[in-house]
Amino acid sequence: MMKGLGGIDSQPGSSFSRTSSKMHQRPPSQTIRLGRVQPQAPSYRTIFCNDRESNFPVRFKGNSISTTKYNVLTFLPKGLFEQFRRVANLYFLSISILSTTPISPVSPITNVLPLSLVLLASLIKEAWEDWKRFQNDMAINNKMVDVLQDQRWVSVPWKALQVGDIVKVKQDEFFPADLLFMASTNADGVCYIETANLDGETNLKIRKALEKTWDYLTPPKASEFKGEIQCEQPNNSLYTFTGNLILDNQTLPLSPNQVLLRGCSLRNTEYIVTVVIFTGHETKVMMNSMNVPSKRSTLERKLDKLILTLFVTLFVMCFVGATGSALFVDKKYYYLHLDSIEEGSSQFNPNNRFLVLILTMFTLITLYSSVIPISLYVSIEMIKFIQSAQFINKDLHMYHSETNTPALARTSNLNEELGQVEYIFSDKTGTLTRNLMEFFKCSIGGEVYGHGVTEIERGIAERNGMKIEEKRSPNAVQEKGFNFDDTRIMRGAWRNESNPDICKGFFRCLAICHTVLPEGEESPEKIKYQAASPDESALVIAAKNFGFFFYRRTPTAIYVRESHVEKIGHTQDVSYEILNVLEFNSTRKRQSVVCRYPDGRLVLYCKGADTVIFERLADGNNEIRNLTREHLEQFGSAGLRTLCLAYKELHPDAYESWNEKFIQAKSSLRDREKKLDEVAELIENGLTLIGCTAIEDKLQEGVPACIRTLQKAGIKIWVLTGDKIETAINIAYACNLINNEMKKFIISSETDAIREVEEKGDQVEIARFIKDEVKKELKKCTEEAQSYFNTGSAPKLALVIDGKCLMYALDPSLRVMLLDLGLNCHAVVCCRVSPLQKAQVTSMVKKGAHKITLSIGDGANDVSMIQAAHVGVGISGLEGMQAVMASDFAIAQFRYLEDLLLVHGRWSYLRVCKVVLYFFYKNLTFALTQFWFTFQTGFSGQRFYDDWFQSLYNVIFTAVPVVIVGLFDKDVSASLSKKYPELYKEGIKNAFFKWRVVAVYAFFSIYQSLIFFYFVGTTNLTAKNSDGKIFGLWDVSTMAFTCVVITVNLRLLLICNSITRWHYISVGGSILAWFIFVFIYSLICHLFGRQNVYFVIFVLMSTFYFYFILLLVPVAALFCDFVYQGVQRWFFPYDFQIVQEMHKNELNDTGRAKLLEVENQLTEDQARSYAVSRLPPAISKHTGFAFDSPGYESFFASQIGVYAPPKAWDVARRASMKSRLKIVLQK
């Protein structure tokens, strides 16, 4: 008897009545949340096929989908809510509201305009993105599909589909909803589907309809179908499905084999007939469309602290001003009428100083509001987006031509995080290796076959000072997936071995025990195999080359062409009936097939990991078992991937009894997977070992060099793999992660003491003993590591730990010891780890050590690890796209990490740091000039600048140049970034965003604001305009504002590492924009009722004094900066500055190539003229050196190989750096 869901017992052969089904079912739509749904096992749904009236009361979800964030009604409120979740925007909203009150000294336009422009830009961006999503949704919803109506196929849009409809899907069409497969034009009710849109896998998968529904193919026959489906509620589990089809009073179990998911497509099949079971947002693919967990970069979190510091600064400035105002107001200033209601204001009433303090606080908050940079977040978002879309995604150095795969930045939030990574957690298979499996060696009946030498073995020999010469037989077969050489068992020679029957069983197991689909012509040369993994394909290809050619599969049988059975040259086509398939999963770690031979014999073939196969072997035959175990260790040491093969003869009666339990478990609606695993355990025992296979997975190109470079950059790499400890260690050696000079700590559960305890079988005692052993080993290794460090000449350390020990080491009581030991090691290798353990190790370092982490992997088992790290990188390899879909960045090869981190990551970090600090500097400088003015006005809150000046300062006059710096500034070229990976350490140490650096920028803000105010203000006491009048307030403030705009823009050029034409255009354009604006505004301001700056700029420009100030003040303001940068570069240079000096005369490769192309057709004089024409601004140049000449001619002429007389500053510079360069080169 089978226990149904919801406490209802259902037996095969019985069904619920339609009335009772309607009473017990629950509407599914009540609990659906897109992207937040978990499998809902306790409930079920009942679907009446081809009967819309019966399904109507349930009100299933429609098939229309919407992925938009907004609609017409919610866009404005929801969009504004999203914007005001940011503290800075909320702050400016408060300031804008405050500026409308009588206590505000500035017009509301001063704060409302910048806020409006920022919000408008953000909302336009949101609207554009949502509009693109809406268009995509409409295109999908209006696709056409054939639905059965009135005994004929009628084309309707996807959005019109309903649960229970019968649908016809043609070849190459996509499935419009989650469908139950009923009938196919192919024989035996099978169809082929491609799931690339779901998981990225392009290999075809086979689906088989229930035999009872094969006939419902034509409209008249399909219209007779009135089945009833009882199945699970909608959930986001792509690879599971539990349900029953009740047809003609018979209950038929449904499995994922009969379910076709939305987004997949039909291949190699004319058409199929299906029933809709899940629609719209209840389909599995839509429930998996949740976003990758939101990640914020470390620098962004530190930016929040900087903004908080600015808030504190603002409060202090306001409090000082308000206190000054409270102290200043006094009755002795009777002529100011401070206590007169008619002419004065209660804000300055000397009789209530506390009220004066409070009101002045609010006044000054609106006046100094520009301290907080309103456009900072928008500018950074724009910079990061362009960095991702234009620089990372289009970098040819990270483009893989073989697979036509460019790099992909799936998020732009974490660009600068790439420049601070200290720990990398990497998968092995498909990440460090190619995931291109080749059958290399095998062990059959205790005998090793195969003479090849792996890359790992060559590496081991080289480390030991030996040289291996590989000898291949002249007739050795080599094809994709097969690189085996041993004449003893090739071309039928296995018949002459001492164990031919075991060899035959070994080859048959390879040819039968799999889920591979053959494609193309049924000949060994032209056939292609579609396999779920490269391992499966390699094993079937190996069987083909051994003479057991698998060429056809039906839902019930496998056809194998067996060669050399009786005599050389003879072939025989044999059909093996497949009765049951016990599929592989990460828990079982094995796969089994029950087949019936043509003579009626029943045989179970099983292949899987050595740990699970050896546990299930029958007693006896210890010799083959021990020999195979030795061979497994040999293969593991050579870096090969191993699988064990076994079989079991089944008695018909025992099989029938077991098969009944298997069918019952398959029909269960509750815990079906668990019950199937339990039933499998009943038959997968008492196995006879046949042998084992060894498959080579070669390292990806450039992995050793990339790891060496990353280690030089100060990055520590941890490899987390499911391989055996020997394989993992040898792979680590091969890719330069570990070398002979390192001290290795190995913590393994494969010790005699642990084996002895495990043989007793007491699970509680085993757990206690292993935990104690792990604790003892961790303590011993930690003490040994500490002793090395105390000696002062410690070797580099490496830790190797296996999954079983890691499980106990991750216990809260031992986690700190493991973390301390791991952080002191140069490299860590974790073997036999599960996907959960990968994520736990990543989280341990991320949260426990507070280090910035990066995880990289290529398979579904790496998803949790990728999402646990600060930065997740997916490899778009051969295991589908699930890792890529969960990642923040996607690349095609591990070696591209070098460019991603050392070039783009480092540049992004430098640029974003510079942008943030520059925003901090320019806003604080501007606000402080107003602050100093407060001391001259009795702390009354009188504004120094015109409202429009203050409004447009951030959004126009200083906005563009900082974006240009964020996009194009680079300290050294990409090639030098990789040549000197040590430069990356500055990012790990966060050298460019320390509080010390912030303090330097704050100092220059204070210094320059004092220069602006007091130079302009005090010198104007004696200055007069052309009419002989002294300058007024608005003359002085306009002059001061002009100096501020010019100086902060010029200072940007001073702090740049490289200058392009875009820098000149943006800086010159910003300054020009100010003058154009002030000219126009001075003429028309009276139209807005503002007479204060009317004709001011024309009066100023008619005086010599204006031009004198315009030259003097920026020079005086920037002089301190100039001296500081010179002293810093000469005596306390950053690493990148030393590299700049070392390579200042070198031209980048692209420039040199272009020059050579032109020079081939030019005379010497013409070449020199051409070279001079290539001088700045066409070529970017390094600046920032204190004594660089404004002309740059000799400096840049020498860069491109053109002789020009050296200047004195060049000689001085080289002499000053000579001794320092010697030290660097020695290092």
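Within any chain, residue numbers begin from 1 and follow the written order of that chain's sequence. Since the coordinates come from a predicted model, pLDDT governs what is reported: local features require at least 70, and pairs of side-chain atoms require 80 or more to be given and counted, while whole-chain, interface and lining totals use all residues. To get the side-chain values, take all heavy atoms of the structure and skip hydrogens and water.

Draft legend 1. Looking closely at the overall build of the protein chain. Looking only at helices and strands, the protein chain has 42 helices and 39 strands in total. Residue pairs in contact within the protein chain that sit at least 24 positions apart in sequence constitute 73% of those at least 6 positions apart. When the accessible surface of the protein chain is split by element, carbon and sulfur atoms take 56% of a total near 53,600 Å². Only DSSP runs of H or I covering at least 4 residues are called helices, and only runs of E covering at least 2 are called strands; the numbering of each starts at the N terminus. Contacts were defined at the residue level, with two residues in contact if any of their heavy atoms lie within 4.5 Å. Note on areas: Shrake-Rupley with a 1.4 Å probe; residue coverage comes only from the protein chains shown.

Draft legend 2. How the structure looks around the UniProt feature "transmembrane region" (unreviewed entry) in the protein chain. UniProt positions are given in the numbering used here, feature names are shortened, and annotations may be inferred rather than shown by experiment. UniProt's entry tags residues 306-329, 354-378, 915-933, 953-972, 993-1016, 1036-1055, 1062-1084 and 1104-1124 with the feature "transmembrane region" (unreviewed entry), counted in the numbering of this structure. Counted over residues 306-329, helix gives 96% and strand 0%. Its end C-alpha atoms are 35 Å apart. Annotation note: span residues 993-1016, helix share 92%, strand share 0%, distance between end C-alpha atoms 33 Å.

Draft legend 3. View of the sheet that holds strand S3 (residues 44-48). Overall, antiparallel pairing links the four strands, which are arranged S3-S10-S11-S12 in an open sheet. A single partner strand is all that each edge strand has here, and the edge strands are S3 and strand S12 (250-254). Direction aside, neighbouring strands of the sheet carry axes that sit 20° apart on average. Any two strands are treated as partners once DSSP identifies two or more bridges connecting them. Summarising the sheet, strand S11 (residues 243-247) and S12 pair through five bridges and their orientation is antiparallel. When the bridges of S12 are listed, Leu-245 appears paired with Leu-252. For every element, the axis is a line fit to its C-alpha atoms; helices are fit only across the contacting stretch, and the angle between N-to-C directions ranges from 0 to 180 degrees.

Draft legend 4. Representation of the pairing of strand S25 (residues 557-563) in the model. S25 sits mainly inside the fold: five of its seven residues count as buried. Summarising the sheet, strand S24 (residues 548-553) and S25 pair through five bridges and their orientation is antiparallel. Across the sheet, Arg-552 pairs through a bridge with Tyr-559, a residue of S25. Linking S24 to S25, which pair antiparallel, is a turn of three residues. Note that S25 and strand S26 (residues 571-582) share seven bridges and pair antiparallel. Opposite Ala-557, over in S26, you have Glu-577 as the bridge partner. Burial classification: accessible surface area is computed with a 1.4 Å probe over protein chains only, and a residue below 20% of its type maximum counts as buried, one above 50% as exposed, and the rest as partly exposed.

Draft legend 5. Region of interest: the sheet that holds strand S8 (residues 190-194). Ordered by their spatial adjacency, three strands build an open sheet running S9-S8-S14, and the pairing between neighbours is antiparallel. Lying at the two open borders of the sheet, with one neighbouring strand each, are strand S9 (205-208) and strand S14 (265-267). Recorded for the sheet is a direction-independent mean angle of 45° between the axes of neighbouring strands. Relative to S9, S8 is paired through four bridges, and the arrangement is antiparallel. Looking at the pairing, Cys-191 lines up with Arg-207 of S9.

Draft legend 6. Layout of the nonpolar core. Of all hydrophobic cores here, the largest spans 111 residues; its most connected members are Val-916, Phe-1041 and Trp-1074. Per element, the largest residue contribution to this core is 18 residues, and it comes from helix H28 (residues 897-934). Counting only domains with at least three residues in this core, you end up with domain 1 (64-143) and domain 4 (903-1143). Setting aside its immediate chain neighbours within four residues, Val-916 contacts Leu-299, Leu-303, Leu-306, Leu-376, Ile-380 and Phe-993. Listed in part, the 51 residues of the second largest apolar core include Cys-49, Trp-158, Val-169 and Ala-222. In these notes, a set of buried Ala, Val, Leu, Ile, Met, Phe, Trp, Tyr and Cys residues joined through side-chain atoms within 4.5 Å is what counts as a nonpolar core. Residue ranges assigned to the domains are those given by an automatic or database domain assignment.

Draft legend 7. Spotlight on a nonpolar patch on the surface. Patch membership requires more than 30% relative accessible area and the absence of a salt bridge. Residues of like charge join within 9 Å; the nonpolar side chains Val, Leu, Ile, Met, Phe, Trp and Tyr join within 5 Å. Salt bridge, as used here: a side-chain nitrogen of Lys or Arg that lies within 4 Å of a carboxyl oxygen of Asp or Glu. Taken together, the side chains of Leu-308, Val-312, Phe-315, Val-316, Phe-319, Val-320 and Phe-935 define a hydrophobic patch exposed on the protein surface, amounting to about 630 Å² of accessible area. With respect to the secondary-structure elements, Phe-315 resides in helix H9 (residues 298-328).

Draft legend 8. Quick look at the packing of aromatic side chains. Geometry of aromatic contacts follows a simple scheme: Phe, Tyr and Trp rings, the Trp one being its six-membered ring, pair when their centres are within 6.5 Å, and the pair is stacked under 30 degrees between planes, edge-to-face over 60, tilted otherwise. Taken as a whole and judged by the stated rule, the model has 63 aromatic pairs. Considering the side-chain rings of Phe-482 and Phe-546, the 5.8 Å spacing of their centres and the 80° angle between planes classify their relative orientation as edge-to-face. Pair noted here: Phe-482 is in strand S21 (residues 482-483) and Phe-546 is in the loop between helix H14 (534-545) and S24, with a separation of 64 residues, a long-range link. Of the two residues, Phe-482 and Phe-546, neither departs from the other in class, the shared state being buried. The ring of Tyr-271 has Lys-168 sitting right over it, with the charged end atom 4.5 Å from the ring centre. For a Lys NZ or an Arg CZ to count as sitting over a ring, it must be within 6 Å of the ring centre and within 35 degrees of the ring normal. Lying across the ring of Tyr-921, Arg-1051 places its NZ or CZ 4.4 Å from the centre.

Draft legend 9. Region of the structure containing the environment of Gln-233. Relative to the elements of secondary structure, Gln-233 occurs in the loop between strand S10 (228-232) and S11. Given a relative accessible area of 2%, Gln-233 falls into the buried group. A sequence separation of 44 residues divides Gln-233 from Ile-277, and the C-alpha atoms of the two residues are 10.0 Å apart. Under this definition, polar contacts are N or O atom pairs within 3.5 Å; protein pairs additionally need one hydrogen-donor-capable and one acceptor-capable atom, and for neighbouring residues in sequence, both atoms have to be side-chain atoms. Polar side-chain contacts of Gln-233 include one of 3.4 Å to the backbone oxygen of Tyr-44.

Draft legend 10. Inspection of the pattern of salt bridges at higher detail. Taken as a whole, this structure holds 41 salt bridges when the rule is applied. Note that Asp-772 and Arg-768 form a salt bridge whose closest N and O atoms lie 2.7 Å from each other. Linking Asp-772 with Arg-768, this pair stays in helix H22 (residues 763-791), spanning four residues, or about one helical turn. Look at Arg-768 and you get partly exposed, because its relative accessible area is 41%. Across the pair Asp-969 and Lys-914 runs a salt bridge whose closest N-O atoms are separated by 3.1 Å. Placement of Asp-969 in the loop between helix H30 (960-968) and helix H31 (974-979) and of Lys-914 in helix H28 is noted, with a sequence separation of 55 residues between them. Accessibility classification places Asp-969 together with Lys-914 in one group, the buried group. One continuous salt-bridge network, built from bridges that share partners, spans Arg-590, Glu-615, Arg-616, Glu-681 and Glu-684.

Draft legend 11. Just the environment of Pro-350, in detail. With respect to the helices and strands, the residue Pro-350 is situated in the loop between H9 and helix H10 (353-367). Here Pro-350 falls in the buried class, since its relative accessible area comes to 11%. As a C-alpha pair, Pro-350 and Ala-326 span 24 residues in sequence and 7.7 Å in three-dimensional space.

Draft legend 12. Region of interest: the pairing of strand S28 (residues 602-608). Within S28, seven of the seven residues are buried, leaving the element largely enclosed by the surrounding structure. Sheet topology note: the strand S27 (residues 590-596)/S28 ladder contains seven bridges and is antiparallel. Its bridge partner being in S28, Arg-590 is matched across the sheet by Gly-608. Once S27 ends, the chain turns through five residues before running back antiparallel as S28, passing Gly-600 with a positive phi of about 95°. Bridge count between S28 and strand S29 (residues 641-650): seven bridges; the pairing is antiparallel. What sits directly across from Lys-607, in S29, is Leu-645.

Draft legend 13. Quick look at unusual backbone geometry. Phi is positive for Arg-491, which is not a glycine, with a value near 55°. Considering the arrangement of structural elements, one finds Arg-491 in the loop between S21 and helix H13 (500-512). Look at His-850: it is not a glycine, yet its phi comes out positive at around 55°. Relative to the helices and strands, His-850 resides in the loop between helix H25 (835-848) and strand S35 (853-857). You can call His-850 exposed: its relative accessible area is 66%.

Draft legend 14. Inspection of the packing of H28 against helix H34 (residues 1033-1055) at higher detail. Relative orientation of the contacting elements H28 and H34 amounts to 160°, with a least axis distance of 11 Å. With respect to H34, the element H28 is oriented roughly antiparallel. Regarding H28 and H34, the two cross each other, and that crossing is right-handed. Touching Lys-914, Tyr-918, Tyr-921, Lys-922, Phe-926 and Phe-933 of H28 are Leu-1033, Phe-1041, Val-1044, Thr-1047, Val-1048, Asn-1049, Arg-1051, Leu-1052 and Ile-1055, all from H34. Residue polarity follows a fixed list, in which Ala, Val, Leu, Ile, Met, Phe, Trp, Tyr, Cys and Pro are nonpolar, Asp, Glu, Lys and Arg are charged, and the others, Gly among them, are polar. Looking at the contact of H28 with H34 residue by residue, the classes come out as ten nonpolar, two polar and three charged. Throughout this description, any angle smaller than 35 degrees is read as roughly parallel, any larger than 145 degrees as roughly antiparallel, any in the 65 to 115 degree range as roughly perpendicular, and the remainder as oblique. Handedness of a crossing is defined here by the sense of rotation of the near helix relative to the far one, left-handed for an anticlockwise turn of less than a right angle and right-handed for a clockwise turn.

Draft legend 15. Seen up close, the side chain of Gln-930. Assignment of secondary structure puts Gln-930 in helix H28. On the basis of relative accessible area, Gln-930 is assigned to the buried category, the value being 2%. Every residue in contact with Gln-930, bar those within four places of it in the chain, is listed here: Leu-367, Tyr-368, Gln-942, Arg-943, Phe-944 and Tyr-945.

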